[in-house]
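Observations on the model geometry
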Amino acid sequence: LHTTKKVLSIQSHVIHGYVGNKAATFPLQYRGWDVDVLNTVQFSNHPGYAHFTGFKFSTEELVDIVEKGLVGALGIKYDAVLSGYLPNVQALQKVAGIVGQLCEDDENVKWVLDPVLGDNGRLYVDEKCVAVYRNILQNFRIFLATPNQFEMELLVGMSIHTLDDAKRAFELFHEKYPRVARVVVTSLELSEFSNDNVYVVAGFDSSLSNEIFFYKIPKINATFSGSGDLISAMLTDSLLNDHGHTQQTLSTSLGQVLWLVTSILQRTYDLNVAGQDPHDSAIRIKDLKLIQCRDILKQDPVPTIGKPET
Ligand code: ATP
Ligand code: MG
Ligand code: NA
Ligand code: MG
């Protein structure tokens with residue numbers, strides 16, 4: 001008999017669409033997690049649309065809810081905390097401080113940290129958040145960090161063009177942040193593979209080997225929102241919810257999660273392009289079709305996307 005795992009997911013909320021907590025909650029619930037959902041902002045929709053409106057919760061409100069409510073008065077024991085978009089420097093600092101302390105006090109709490117800073121060379125948070133994330137990664141015990149390429153470059157202070165750069169970046173990351181046990185870097189664009197039209201997704205588990213491993217993922221001709229949030233949630237599931245199996249390595253989990261995410265993105269694309277001009281280049285996909293992907297989310301065991309390379 002396996003127990004139901006509990007996760008506290010601290011991310012953004014959109015009323016319409018599927019990013020942040022809306023991209024993480026349903027897939028985690030559908031895969032058997034008890035999800036406590038703390039929304040850091042409430043927006044009408046993803047900022048990728050031409051218009052959006054909404055508000056951010058204040059630092060005091062967020063701190064009160066976690067410190068006084070969830071871990072204080074209620075004394076809830078989480079198996080995992082999944083953190084993503086936090087709206088400002090102060091909220092990031094304070095909330096991370098509480099989560100970090102929780103993980104110091106109880107080694108059974110695993111922190112999956114998505115250092116949400118930006119994408120494709122552009123920050124979407126206050127630039128002071130970069131230094132705050134560097135501090136968090138230095139000071140706290142973190143089970144898994146999931147930066148995209150741009151975020152990895154900011155956290156290690158070097159740009160990544162080649163596979164060798166990527167390997168060096170992982171080494172630097174481990175030197176700077178030895179308390180981070182595992183790292184997955186999503187959608188690396190490496191010059192070696194620029195003709196193959198693939199993204200590279202690379203991982204490193206400090207307890208297993210000094211080597212990084214990576215998977216090559218065929219690019220879908222579209223821009224997705226929420227794919228990063230989905231991948232961090234599904235890695236949390238794959239690594240921490242044993243689904244009755246024994247604990248898996250990061251490379252096995254990543255292969256399975258990439259199968260899930262790729263299948264969901266492909267179906268999202270197929271459902272979106274139906275009725276659109278197929279000659280539109282790099283179609284902007286507004287929202288993941290998570291509900292239409294229940295059969296994919298239900299897979300157990302999850303197939304793998306392939307074999308990792310080193
Ligand atoms: P987000 O802004 O949604 O948080 P992110 O930049 O943090 O995203 P990405 O690296 O863009 O995260 O996306 C996560 C994963 O989704 C990638 O590693 C890749 O597997 C998949 N993915 C995203 N976009 C594409 C695409 N166009 N084609 C194929 N796979 C994609
Ligand atoms: Mg991206
Ligand atoms: Na990410
Ligand atoms: Mg992201």
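Residues numbered from 1 in each chain as written. Chains lettered and ligands numbered in written order. Predicted model: local features only at pLDDT ≥ 70, side-chain atom pairs only at ≥ 80, totals over all residues. Heavy atoms only, no water.

**Some words on the overall build of the protein**
The secondary structure content of the protein amounts to nine helices and 13 strands. By the compact-globule yardstick of 19 Å for 310 residues, the protein fits well, its C-alpha radius of gyration being 18 Å. Structurally, the protein occupies a C-alpha span of about 55 × 45 × 45 Å along its principal axes. The proportion of buried residues among the 310 residues of the protein is 51%. When contacts within the protein are restricted to residue pairs at least 6 apart in sequence, those whose partners lie at least 24 apart make up 69%. When the accessible surface of the protein is split by element, carbon and sulfur atoms take 49% of a total near 14,100 Å². The distance from the centre of the 27 positive side-chain charges to the centre of the 36 negative ones in the protein is 2 Å. (Helix = DSSP H or I, 4+ residues; strand = E, 2+ residues; numbered from the N terminus. Rg over C-alpha atoms; globule rule 2.2 N^0.38 Å. Buried < 20%, exposed > 50% of the residue type's maximum accessible area, 1.4 Å probe, protein only. Contact = heavy atoms within 4.5 Å. Areas by Shrake-Rupley, 256 points an atom, 1.4 Å probe, with all protein chains shown as cover. Lys, Arg positive; Asp, Glu negative; His and termini not counted. Charge placed at Lys NZ, Arg CZ, Asp CG, Glu CD.)

**Regarding the environment of K56**
Here K56 lies in strand β3 (residues 54-56). Under the relative-accessibility criterion, K56 is labelled partly exposed at 46%. Remark: the alpha-carbon pair of K56 and T40, spanning 16 residues in sequence, is separated by 6.4 Å. In this structure K56 touches T40, V41, F43, Y85 and P87, once residues within four positions along its chain are discounted.

**Some points on helix α4 (residues 128-139)**
Here α4 is twelve residues long and its end C-alpha atoms lie 17 Å apart, about the 16 Å a rise of 1.5 Å per residue gives. Turning to α4, its buried residues number three or more, namely C129, V130, V132, Y133, I136 and L137. One side of α4 carries all its buried residues, which in axial view fall inside an arc of 165°. Where α4 is buried, its residues contact α3 (89-105), β5 (110-113), β7 (122-123), β8 (144-145), α5 (149-156) and α6 (163-176). (Expected span 1.5 Å × (residues − 1). Arc of directions from axis to C-beta.)

**A closer look at the site of ligand 1**
Lining the immediate environment of ligand 1, one finds 21 residues, of which D119, T186, S187, I220 and G226 sit closest. Taking T186, its side chain carries an N or O atom lying 2.8 Å from an oxygen atom of ligand 1. For ligand 1, an oxygen atom lies 3.1 Å from a polar atom in the backbone of G228. The protein chains hide 92% of the 620 Å² of surface that ligand 1 would expose on its own. Broken down by element, the residue count for the shell around ligand 1 peaks at four residues, all from helix α7 (residues 227-240). For the shell around ligand 1, the residue count by class is eleven nonpolar, seven polar and three charged. (Near = heavy atom within 4 Å. Polar contact = N/O pair within 3.5 Å; in protein donor to acceptor, adjacent residues only side chain to side chain. Nonpolar A, V, L, I, M, F, W, Y, C, P; charged D, E, K, R; others polar.)

**Quick notes on the pattern of salt bridges**
For the structure on display, the rule yields nine salt bridges. Between E175 and R168 there is a salt bridge, and its shortest N-O distance comes to 3.9 Å. Residue classification places E175 among the exposed positions, given a relative accessible area of 54%. Across the pair R267 and D295 runs a salt bridge, and its minimum N-O distance is 2.7 Å. One end of the pair, R267, is in helix α8 (residues 250-273); the other, D295, is in helix α9 (residues 294-297), and 28 residues separate them in sequence. (Salt bridge = Lys/Arg side-chain N within 4 Å of Asp/Glu carboxyl O.)

**Overview of empty space enclosed by the protein**
The tally for this structure, following the rule as stated, stands at one cavity of 30 Å³ or more. The computed volume of the largest cavity comes to approximately 50 Å³. For the largest cavity, the full set of lining residues is I10, S83, L86, L92, V95, A96, V99, W111, L113, Y133 and I136. Counting only elements with at least two residues in the lining of the largest cavity, the list comes to α3, β5 and α4. Top element by residues in the lining of the largest cavity is α3. It accounts for four residues. (1 Å grid on protein atoms, 1.4 Å probe; cavity = no way out; pocket = protein on both sides within 12 Å on 5 of 7 lines; lining within 4 Å. Points joined across faces, edges and corners; volume = space filled by probe spheres on them.)

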